[in-house]
Amino acid sequence: MLYIRQYFYNLYLKILRWCKAYALQRCSKRTATRWRSLPAGLWCKAPALQRCSERTATRWCKAPALQRSQFFPYLSLLLWVLPLLLFSSGNSSLMAHDEGLYAVRARLMFDSGDWVHPWGSPHHKTPGFYWLIAAAYKLFGISESSVRLPNLIFGFLSIFLLYEIAKIILNQRVAWLAAAILSVNFLWLQYCRLGTPDVPMIFLVLLGIFSLLKAERKTQVKASEMSPVLSSQNLAGGCIPQQDFAAYGKYDNLFDNLISNSLWCFIGGFCFSLGILIRSLMIFLPIVALLPYLILENRRHRLLNNLSLYLGFLIGLVPTLIWLWLSFRYYGNGSVNQLLSFVLRLGSNQRGENGILFYLWNLPITSFPWILFALVGLFNSLFNFLNPSQSKYKLLFIGFPVILFIELSLFSTRLPHYSLCLFPFISLLAALGLDNLSQIYTKSCTNFISLKADKNLCDRKANSKEYRNHINHQNFHRQYINQSVVSESINTGNIKNKENKFQLNLLFSLQKITPDISLFDFQIAKIPQYFSYGLGCLGILLIIAGIATLFIVDNHEIRKYAILSLVLGISWLVSPAIWIGRNHFHLQFLTANYWLASFLVPSWIGLAVVCGNGLIADYNPDFREFIQKPVITKIMNSSPINFVQVGGKTGVLIDFYTKKIGKDVDSLQELSPNSYAWIKKKQADASTIPHRVIGTVQSYSLVQLSEPGINPE
């Protein structure tokens, strides 16, 4: 009870502090001075504001509110991410595989009312993701938006989870960059707007990692932190002796941290086991990748010693175990055998020509250009170069993606979307690399301007008599006296050498000798320039390709990609323009933030164009246009339609978009006159049964059987 009272008391104080800060922003100088003199109990417990000077209070009134708000990173990420998730051309259609399969299976659950075993035979996947889509059907009806709604929500939350994780591991600036980079990864955004279980699984993995990091931080108990509730109530009321108050506050804070530690460990274990319900046994790949951090760093964080972690894992297994028990009562051992055999097939059967090196070339393509910055961040983290990362978390943000990459490469079924779990960590490393490059950008823009000026000055004075005397004097001292002479003003002095008995009249120059810069440092300083010019060259190629496509190709769908190529190419020219303006035209306002924005904003604009054109929402526009015809829409809404050997990718779409599904038959002879049926075009042309073809799409025809003896025409 004491813990709950303390929590709400602290929350009350935070609200009052925020209210006073908000009010001070809009008050005059005189009012601010008067408010800060109010008693503590009359307004709020904000000692820093109450005891601030008149100058500080005035500055608080004039400062922008968003700069002081802790919600600014979240608000900026919200404005950055939400448009990409909501932009649309207004048209959408399902991707036949795998999105269509999940949508059809969830619809089977919804239509039959059986959410445990609606299939005629044991299923090879756990039903967690089907339940999410079916719940969306129940709330919003059967549509493409309902299929994709769970992924939109979990993808949106995953970006903020990555921000929180990176803020714990590194810092707030890198955390914001990591979240922004993840949201502009094409493959990530595409699957956030698809109905597949990959993004919900990644959300659970990130939530589990975040919970473990919070549990680790909660174990760091500070004995100096005292409870305001104890000091204001228990101590004043005489409940606790004065000499025992410090010890009581210490152990009360310890108890508070232990409770929080156990709660976060419980949530972490629960998330990882709940992933089995969502993604079957595929969740064990990220669990295995996380084990080195949990085991090798256990002496420090002690997470494996917390029983709440295992308790949460066991409780998270309860929904899966209940489903397995109900399936066992219906199918016997079939469900367990199907789950295990499916994983074995994925692990032993190679899909197409995707060999063991598949992700070495596919991952850079799907994560371009951020994989390049991720390599820079990986190099800096491993060798503590420029901005050394916290070594205690390297097994997490470096070891986890490396081990997961090895696991995916050894896994025989290799598909592009299997690597989605790597993208949050690629984004984190890319943010770290971009942050380090921005520091190099800032230093190189200031140092090389001065070095270039010094070099030109040295060249002009290289042949002067004064400079030659200065160099001869330095060489003499290096050779005979073994010391250097450095002077910043004109001095004349006599130096005597006892052995040679001669005097030198020395004249020192005004110029300092500029220290030599190593070739390695020079190349490191030019890395931002290489990235800027490389992106600019790629932008020029995209502009040429886009212009050529617009003039040569007449296909409307291909011209959408030409517009995207033009927009992206023009946007990528901003980065070299900023570099040239800063280094050659000395435009000092072009800071590192502008340079960072030249990489993020073009990607955002390009993806906005992709979303606006419907390229990642409308995967089968011809099928969508066919079913939107008034004649087809009327038939599909009013009459049941039978299936004659319907299968394949188009069969999945037909199964989802058909409102009233009839019977599955082998031929038209099994159907009654005036009934409707989907049938392959070749099979319909070869059939002798009288029928009328209403329409054809993707090698399938919608036909209506005619009465015997009546011409179907």
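Up top is the structure.
Residues numbered from 1 in each chain as written. Predicted model: local features only at pLDDT ≥ 70, side-chain atom pairs only at ≥ 80, totals over all residues. Heavy atoms only, no water.

A.B. asks: Help me understand the overall build of the protein chain, please; the structure alone is not making it clear to me.
C.D. replies: Scanning the protein chain from terminus to terminus reveals 34 helices and seven strands. For the protein chain, the residues scored as buried account for 46% of the 713 residues in total. Taking the intrachain contacts of the protein chain between residues at least 6 apart in sequence as the baseline, contacts between residues at least 24 apart amount to 73%. Surface accessibility of the protein chain: about 36500 Å² in total, with carbon and sulfur atoms responsible for 62%. (Helix = DSSP H or I, 4+ residues; strand = E, 2+ residues; numbered from the N terminus. Buried < 20%, exposed > 50% of the residue type's maximum accessible area, 1.4 Å probe, protein only. Contact = heavy atoms within 4.5 Å. Areas by Shrake-Rupley, 256 points an atom, 1.4 Å probe, with all protein chains shown as cover.)

A.B. asks: Which parts of the structure should I look at to understand the environment of Ala 545?
C.D. replies: Relative to the elements of secondary structure, Ala 545 occurs in helix H27 (residues 527–552). Ala 545 sits in the partly exposed class, given a relative accessible area of 38%.

A.B. asks: Just to check I follow, could you spell out the side chain of Arg 624 for this structure?
C.D. replies: Following the sequence through the fold, Arg 624 ends up in helix H31 (residues 621–627). Side-chain polar atoms of Arg 624 contact the side chain of Asp 618, separated by 2.8 Å. For Arg 624, the contacting residues outside a window of four places in its chain are Asn 91, Ser 92, Ser 93 and Asp 618. (Polar contact = N/O pair within 3.5 Å; in protein donor to acceptor, adjacent residues only side chain to side chain.)

A.B. asks: Would you mind going over the pattern of salt bridges with me for this structure?
C.D. replies: Side-chain pairs of opposite charge can arise where the charged atoms are in close proximity. A full pass over the atoms with the stated rule returns 10 salt bridges. Salt-bridge contacts for Arg 624 lead to Glu 625; the nearest nitrogen and oxygen are separated by 4.0 Å. Arg 624 gets classed as buried once you look at its relative accessible area, which sits at 9%. It is possible to trace a salt-bridge network through shared partners that takes in Glu 216, Glu 297 and Arg 300. (Salt bridge = Lys/Arg side-chain N within 4 Å of Asp/Glu carboxyl O.)

A.B. asks: I'm lost on the sheet that holds strand E4 (residues 661–665) in this one. Help?
C.D. replies: In any sheet, the strands associate via hydrogen bonds between backbone groups, in a parallel or an antiparallel arrangement. Spatial strand order, E4-E3-E5-E7-E6: five strands in an open sheet with mixed pairing. The open sheet terminates on both sides in strands that have one partner only, identified here as E4 and strand E6 (691–697). Averaged over all adjacent pairs, the angle separating strand axes in this sheet is 25 degrees, with direction ignored. Alignment of strand E3 (residues 641–644) against strand E5 (residues 676–680), held across four bridges, turns out to be parallel. The residue bridging Asn 642 from the neighbouring strand is Ala 677, located in E5. Packing against the sheet, helix H32 (residues 630–638) makes contact with E3, E5, E6 and strand E7 (700–705), and its axis sits at approximately 110 degrees to E6. (Pairing = 2+ DSSP bridges. Axes fitted to C-alpha atoms, helices over the stretch in contact; angles between N-to-C directions.)

A.B. asks: Looking at this model, I keep getting lost on the pairing of E3. Mind explaining?
C.D. replies: Every other side chain in a regular strand lies on the same face of the sheet, so the side chains alternate between the two faces. Of the two faces of E3, the one lined by Ile 641 and Phe 643 and the one lined by Asn 642 and Val 644 are each fully buried. In the sheet, E3 pairs with E4 via three bridges, with the strands oriented parallel. Bridging from a neighbouring strand, Ile 641 pairs with Ile 661 of E4. Following the chain from E3 across helix H33 (residues 648–657) to the adjacent parallel E4, one finds a crossover that is right-handed. (Right-handed = clockwise from strand over helix to strand, strands pointing away.)

A.B. asks: Looking at this model, I keep getting lost on empty space enclosed by the protein. Mind explaining?
C.D. replies: Empty space among the atoms becomes visible once a probe the size of a water molecule is rolled across them. Per the counting criterion, the structure on display carries three cavities of 30 Å³ or more. By volume, the largest cavity is sized at about 110 Å³. Taken together, 13 residues form the lining of the largest cavity, with Met 201, Met 282, Leu 408, Tyr 418 and Cys 421 sitting closest to its centre. Of all the secondary-structure elements, those providing two or more residues to the lining of the largest cavity are helix H12 (198–218), helix H15 (284–296) and helix H23 (399–410). No other element matches the three residues that H12 contributes to the lining of the largest cavity. Of the residues assigned to the lining of the largest cavity, the class counts are 10 nonpolar, one polar and two charged. Here the second largest cavity defines a volume of roughly 60 Å³. The wall of the second largest cavity is formed by Tyr 102, Lys 125, Thr 126, Phe 129, Tyr 130, Pro 197, Ile 278, Arg 279 and Ser 280. Class assignment for the residues of the lining of the second largest cavity results in five nonpolar, two polar and two charged. (1 Å grid on protein atoms, 1.4 Å probe; cavity = no way out; pocket = protein on both sides within 12 Å on 5 of 7 lines; lining within 4 Å. Points joined across faces, edges and corners; volume = space filled by probe spheres on them. Nonpolar A, V, L, I, M, F, W, Y, C, P; charged D, E, K, R; others polar.)

A.B. asks: What's the story with the packing of aromatic side chains in this structure? I'm lost.
C.D. replies: The relation between two aromatic rings is expressed through the spacing of the ring centres and the mutual angle of the planes. Counted under the stated rule, the structure contains 29 aromatic pairs. When the ring of Phe 358 is compared with that of Tyr 359, the centres are 5.1 Å apart and the planes differ by 75 degrees; the resulting orientation is edge-to-face. Taking relative accessible area as the criterion, Tyr 359 reaches 1% and is therefore assigned buried. Through successive ring pairs, a cluster of aromatic residues spans Trp 370, Phe 373, Tyr 441, Phe 531, Trp 579, Trp 595 and Phe 599. (Phe/Tyr/Trp six-rings, centres within 6.5 Å; stacked < 30°, edge-to-face > 60°.)

A.B. asks: I'm lost on helix H9 (residues 144–169) in this one. Help?
C.D. replies: One full turn of an α-helix is made of 3.6 residues, so residues set three or four places apart face in the same direction. Counted at 1.5 Å a residue, the expected span for H9 with its 26 residues is 38 Å, and the 38 Å between its end C-alpha atoms agrees. In H9, a bend of some 30 degrees at Pro 150 exceeds every other bend along the element. (Expected span 1.5 Å × (residues − 1). Bend = angle between axes of the 7 residues up to and from the residue.)

A.B. asks: Honestly, unusual backbone geometry in this entry has me stumped. Any pointers?
C.D. replies: In terms of backbone geometry, most residues other than glycine have negative phi values and most peptide bonds are trans. Cis peptide bonds are those with omega within 30 degrees of zero, and the linkage from His 97 to Asp 98 qualifies with 0 degrees. Here Asp 98 is to be found in helix H7 (residues 96–112). Each neighbour pair has its own omega, and for Phe 368 with Pro 369 the value is 0 degrees, a cis peptide bond. If you trace the backbone, Pro 369 turns up in the loop between helix H20 (358–366) and helix H21 (370–383). With phi around 60 degrees, Ser 280 is a residue other than glycine that occupies positive phi space.

A.B. asks: Looking at this structure, how should I read the packing of helix H8 (residues 128–140) against H9?
C.D. replies: Two packed helices can be described by the angle between their axes and the distance between those axes. Here H8 crosses H9 at 115 degrees, and the two axes come no closer than 8 Å. Put simply, H8 runs roughly perpendicular to H9. With respect to the hand of their crossing, H8 and H9 are arranged in right-handed fashion. From H8, Phe 129, Leu 132, Ile 133, Ala 136, Tyr 137 and Phe 140 reach across to H9, where they touch Ser 146, Val 147, Leu 149, Pro 150, Asn 151 and Phe 154. Class assignment for the residues of the contact of H8 with H9 results in 10 nonpolar, two polar and no charged. (Parallel < 35°, antiparallel > 145°, perpendicular 65-115°, else oblique. Left-handed = near helix turned anticlockwise from the far one by under 90°.)

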